[in-house]
Amino acid sequence: MCMCLWQRHFLFRINTYCSLLVLFLSSVFLTTPLKADIPLHFSDGLSDYFEKTIEDDLAVFVNDPNFAGAVVGIIDGDNEGIVCLGYADMMKKTPVTEDTLFEIGSLTKVFTGILLAHAIKEGRLSLEDSVADLLKGRGDFNNLRDVTLKDLVTHQSGLPKVMESPLAIIKTAYLFMMNKNPYEYYTTDKVLKYLSTVDLDGRHGSYKYSNLGIGLLGYILCQIYGKSYEELLKKYICYPFHMGASYIRVPETHKNNFAIGYLEVHKSLGSGDIDCKEAPYWNLSEIMVGSGGIRSCGADMMQFLRCYVQGCDPALNDTLEVLTSNNIGICWHVIKINHKPVYFHNGGTGGFRSCILFNQEEKVGVFILLNSLLEPDDISKKILKQLMDAEKPNSR
């Protein structure tokens, strides 16, 4: 889901190395113009200066042979805008728009963190609550008696990233190699059974990124509220933030907006022929959906980013409090750019990649959604640094 699953362990190592090579070559030869045949649209909120700067930065993506499509959101003080590039469907030549839906993978985790912040404000939960106590009546989780909700959101529970039992490894590897959703095996019953027997092996209290941990948090929230994850998402985030096109299950009426995720995109130079390998969508069970199950679009993610940059909601601000010595908040990782704190998360599913980062002091932020396996982290950090470095342009 993020940071990213089986791809990094199997045949996509080669693809990663190729992407790094493209990034290196792009930096060596300075900027390369965007290909003329790639759809490109800037919304009106971006200044001419940043249009040119961003276009140069994004040339690294667009000129990569595995690029399909992307939507990039930028906030710089009072200036903001969305850049849409490439195709949601390569074969049909359907261009990416602000309404194109992407799987956002582990960006879902920060949404789950917001839901926890609301539950804490309402007195339903506390960061110090024991996971074992919250799971009473659903099995014996004595092995998790010392694990708290704070441990889950800061990835210090000791839980592994994914299920590490031999059967789970074999099953998920098989699904992956058959180009199916590897999380198909992760039913709620199977995951709960695994969690009741997992040996933390002295890892509790040490950082270990865990999809299982945040998935479990999402499950606990649903049990506490007696509602589905999607219902909580709508009530506490989508409705108040005016995000009308973010889903767990995409409605039939919006499936035409759902981008195809690509494992590989092969473009024949000169001929214009395209040969693509599509990825399956990752539908996640109740116990994993909070870790990576949201589908969203550029317009909604801009709303989400704006609320964080402007600090307009107390629950959002609560998630930014650093809880550990290695700079982790409630599901946010804190990095430094220009010696200032930048809140960061990334995500990935079978054929999608994503990232979001921002700094409240400078009122700047960036998100990138991709329907291919190109990694957006370095480009997004570069764009954010340029925003923080530059003299602020006037609003249009």
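Residues numbered from 1 in each chain as written. Predicted model: local features only at pLDDT ≥ 70, side-chain atom pairs only at ≥ 80, totals over all residues. Heavy atoms only, no water.

**A closer look at unusual backbone geometry**
Leaving glycine aside, a negative phi is the common case for residues, and trans is the common case for peptide bonds.
Next, step 1: Not every positive phi belongs to a glycine, and Lys93 is a case in point at roughly 60°.
Next, step 2: Along the chain, Lys93 turns up in the loop between β3 (79-89) and β4 (94-95).
Next, step 3: The exposure class assigned to Lys93 is partly exposed, which follows from its relative accessible area of 40%.
Next, step 4: Positive phi, normally seen in glycine, also occurs at His339, with a value near 65°.
Next, step 5: When you line up the elements, His339 lands in the loop between β9 (333-337) and β10 (340-348). (Helix = DSSP H or I, 4+ residues; strand = E, 2+ residues; numbered from the N terminus. Buried < 20%, exposed > 50% of the residue type's maximum accessible area, 1.4 Å probe, protein only.)

**Observations concerning the nonpolar core**
Next, step 1: Judged by nonpolar contacts, the single largest core of 92 residues is most densely connected at Phe111, Leu216, Ile237 and Phe304.
Next, step 2: In terms of residue count, the dominant contributor to this core is helix α8 (residues 211-225) (9 residues).
Next, step 3: Contact partners of Phe304, with chain neighbours within four places excluded, come to Val110, Phe111, Ile114, Ile237, Met243 and Ile356.
Next, step 4: Within the second largest apolar cluster, 26 residues are counted, among which are Ile54, Phe67, Cys355 and Val366. (Core = buried A, V, L, I, M, F, W, Y, C linked by side-chain atoms within 4.5 Å. Contact = heavy atoms within 4.5 Å.)

**Observations regarding the packing of aromatic side chains**
Next, step 1: A complete count under the given rule lists 14 aromatic pairs for this structure.
Next, step 2: Three or more aromatic residues joined by ring pairs make a cluster, and in this case those are Phe111, Phe304, Tyr308, Trp332, Tyr343 and Phe358.
Next, step 3: The ring of Phe344 is capped by Lys381, whose NZ or CZ atom sits 4.8 Å from the centre of that ring. (Phe/Tyr/Trp six-rings, centres within 6.5 Å; stacked < 30°, edge-to-face > 60°. Lys NZ or Arg CZ within 6 Å of the ring centre and 35° of its normal.)

This is a description of form; function is not addressed.
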